[in-house]
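Working through the structure, step by step
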Amino acid sequence: MTKQNASQGHIFYRRMAHTHPEIVRGEGVYLFDRQGKAYLDGSGGAIVVNAGHGIDSIAQAISEQAAAAAYLHPTMFTAEVIGQYADALAVIVPLENPKFYFLTSGSEAVEAAIKLARQIQVERGNKTRYLTISRWMSYHGLSLGALAVSGKPKMRKLYQPMFQDVPHIPPPYCYRCPFQLEHPACGLKCADALEEEILNQNPDNVAAFLAEPVSGATLGAVVPPDGYWPRIREICDRYGVLLIMDEVMTGMGRTGTWFAAEHWGVVPDILTIGKGAASGYFPLSVVVTRGELVDLIASGSGDFSHGGTYSHHAVGAAAGLATLAYLQEHHLVESVAEKGQFLAEQLKAQLGSSPYIGDIRGIGLMWGIEFVRESVSQQPFDQALHLSQQITDEAFRLGLVVYPGSGSVDGHRGDHIMVGPPFCITQDEIIRMVDLLKQAIDTSIHAVV
Ligand code: PMP
């Protein structure tokens, strides 16, 4: 597939009408296509490329492990690099005596996490506990189990009859509070909604609560109010419910700490990591839990009742280890808070006065911009206009990659754009990114109002 564009050949993609430029090289925050056009990757694709493009040490680690021994079946063999990666991760994750199960996508990590929670409950003697409560306006993955716990109505609709539905509670989303209240007078009703739902379902049926610490693709970088996560932890403890934090997007430094949970001093029972784990150099995801809980399974039924042909992949571990080493050697996670502050200032200075921008929110290098037809009423744009996609397409034309989202109002309506560049981004690149984004927003909004 060299002469013609790959999207016109024997491939079908999710976006069927989109012509996919062929990328031949990446470096830092830039991708270059075959014609030499440069794209500033302002969102690392789907908030994936934490370390940056074109890093030789990661590519080399992958190549060396693939050459040494590429595939080892996880029920039969292991490789030194898998242990080394687990040891390196153990230093940065907040869980006590952590143990890791390696997979290849965020969806798989979430599936594994909710199954692990069920098995832990059974091993504890709580055989009736099977439900995972999750939140509306969330995304946890593409497989039917992960989609069932996801809370994005638009993506669930077609498959709704195919999965077993699970209870969802409203998200902590102060810009459009689901309870029409204001923080702090609200008393964190969004967190107390978990207790209500546990009681409603009967605690004896509830295995786990699953949520993104900072809402990602569906709401667009919405940070919960202080107090939310500690309250959630308390409620989970009160009812013997395991807390699963989905850090597929927020993990590995994206929010300025290795894991977003650290901002609120909350430690989950199970944590999922994806995207940034290998910065996109290899499809890699991780499920983490406390050693004590793994020991419970080991001394109980003996095996984790789960599989995965590509679990514990040696090449994935090499990619993850080299990515982690790169982030540490270049102190990139430490730089996220400061760069994020600069990015926030630029976004607010350049876009904040637009009547069509309702909210600019985020943390670290994970920011969302929500669009409204009218700022006082917070009325969204007509969905038929596909505004966030129009802005993304215009930015793409200008050579900027951003991540579009819709559904922030009620799961169906509302438009936002996310930015989440590689951590190596410089101040000049941030200025250029925001400038291109402003141009794309102005052009797209001008075309529809
Ligand atoms: N959880 C979260 C929080 C995510 O953002 C995503 C991907 N957007 C997933 C799970 C699913 O990950 P993947 O696409 O790698 O399967």
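Residues numbered from 1 in each chain as written. Predicted model: local features only at pLDDT ≥ 70, side-chain atom pairs only at ≥ 80, totals over all residues. Heavy atoms only, no water.

Side note on the site of the ligand
- By nearness alone, every residue bordering the ligand is listed as S105, G106, S107, Y139, H140, G141, E212, D246, V248, M249 and K275.
- Between K275 and the ligand, the recorded distance is 3.0 Å, taken from a side-chain N or O atom to a nitrogen atom.
- Looking at side-chain class alone, the shell around the ligand contains 3 nonpolar, 5 polar and 3 charged residues. (Near = heavy atom within 4 Å. Polar contact = N/O pair within 3.5 Å; in protein donor to acceptor, adjacent residues only side chain to side chain. Nonpolar A, V, L, I, M, F, W, Y, C, P; charged D, E, K, R; others polar.)

Thoughts on the packing of aromatic side chains
- A complete count under the given rule lists 8 aromatic pairs for this structure.
- Taking the centre distance of 5.3 Å and the plane angle of 25 degrees together, the rings of Y85 and F102 count as stacked. On the criterion of sequence distance, the pair formed by Y85 in helix α3 (residues 80-92) and F102 in strand β4 (residues 98-103) is long-range, its members being 17 residues apart.
- With relative accessibility at 0%, the residue Y85 sits in the buried group.
- Here a set of aromatic residues connected by ring pairs shows up, and it is made of Y85, F100 and F102. (Phe/Tyr/Trp six-rings, centres within 6.5 Å; stacked < 30°, edge-to-face > 60°. Helix = DSSP H or I, 4+ residues; strand = E, 2+ residues; numbered from the N terminus. Buried < 20%, exposed > 50% of the residue type's maximum accessible area, 1.4 Å probe, protein only.)

Some points on the sheet that holds strand β13 (residues 400-401)
- Strand order across the open sheet formed by 4 strands is β1-β2-β3-β13, with mixed pairing between neighbours. Each having just a single partner strand, β1 (23-27) and β13 make up the two edges of the open sheet.
- Looking at chain direction, β1 and strand β2 (residues 30-33) are connected through 4 bridges and run antiparallel. Across the sheet, E27 pairs through a bridge with Y30, a residue of β2. (Pairing = 2+ DSSP bridges.)

Let's talk about the sheet that holds strand β12 (residues 366-371)
- Pairing is antiparallel across the open sheet formed by 4 strands, whose spatial order is β11-β12-β15-β14. At either end of the open sheet lies a strand with only one pairing partner, and these are β11 (357-363) and β14 (403-406). Shown here is a sheet whose adjacent strand axes are inclined to one another by a mean of 20 degrees, direction ignored.
- Of the strand pairs in this sheet, β14 and strand β15 (residues 415-419) are connected by 4 bridges, and their pairing is antiparallel. Counterpart to P404 in the pairing with β15 is I417.
- Across the sheet, helix α12 (residues 387-398) is in contact with β12, β14 and β15; its angle to β15 comes to roughly 40 degrees. (Axes fitted to C-alpha atoms, helices over the stretch in contact; angles between N-to-C directions. Contact = heavy atoms within 4.5 Å.)

Section: the packing of α12 against helix α13 (residues 427-448)
- Put simply, α12 and α13 touch, their axes get as near as 8 Å, and they point 130 degrees apart. Judged by the angle between their axes, α12 and α13 are oblique. When you trace α12 past α13, the crossing you get is right-handed. Residues L387, Q390, I391, E394, A395 and L398 of α12 lie in contact with α13, whose contacting residues are L436, L437, Q439, A440, I441, T443, S444, I445 and V448.
- Partitioned by chemical class, the residues of the contact of α12 with α13 number 10 nonpolar, 4 polar and 1 charged. (Parallel < 35°, antiparallel > 145°, perpendicular 65-115°, else oblique. Left-handed = near helix turned anticlockwise from the far one by under 90°.)

Here we look at the pairing of strand β8 (residues 242-247)
- Burial runs high along β8: 6 of the 6 residues are buried.
- Of the two faces of β8, the one carrying L242, I244 and D246 and the one carrying L243, M245 and E247 are both buried.
- Alignment of strand β7 (residues 206-211) against β8, held across 4 bridges, turns out to be parallel. Paired with L210 across the bridge in β8 is I244.
- Taken together, β7, helix α8 (residues 228-238) and β8 form a β-α-β motif whose crossover is right-handed.
- With 4 bridges joining them, β8 and strand β9 (residues 270-273) adopt parallel strand pairing. Across the sheet, the residue bridging to I244 is I270, located in β9. (Right-handed = clockwise from strand over helix to strand, strands pointing away.)

Things to note about unusual backbone geometry
- Residues H183 and P184 are joined by a peptide bond in cis, for which omega reads 5 degrees.
- In this fold, P184 is placed in the loop between β6 (168-169) and α7 (189-201).
- At N202, a residue that is not glycine, the phi angle is positive and equals roughly 80 degrees.
- Take N202: it is sitting in the loop between α7 and β7.
- For N202, a relative accessible area of 35% corresponds to the partly exposed category.
- At H331, a residue that is not glycine, the phi angle is positive and equals roughly 50 degrees.
- Considering the arrangement of structural elements, one finds H331 in the loop between α10 (314-329) and α11 (332-351).

Quick look at the packing of helix α2 (residues 56-68) against α10
- Where α2 contacts α10, the two axes come as close as 8 Å, and the packing angle between them is 155 degrees. Viewed along their axes, α2 and α10 adopt a mutual orientation that is roughly antiparallel. Here α2 and α10 pass one another in a crossing that is right-handed. Of α10, the residues touching α2 (which contributes S57, I58, A61, I62, Q65 and A66) are A314, V315, A318, A319, A322, T323 and Y326.
- Of the residues contributing to the contact of α2 with α10, the split by class is 10 nonpolar, 3 polar and no charged.

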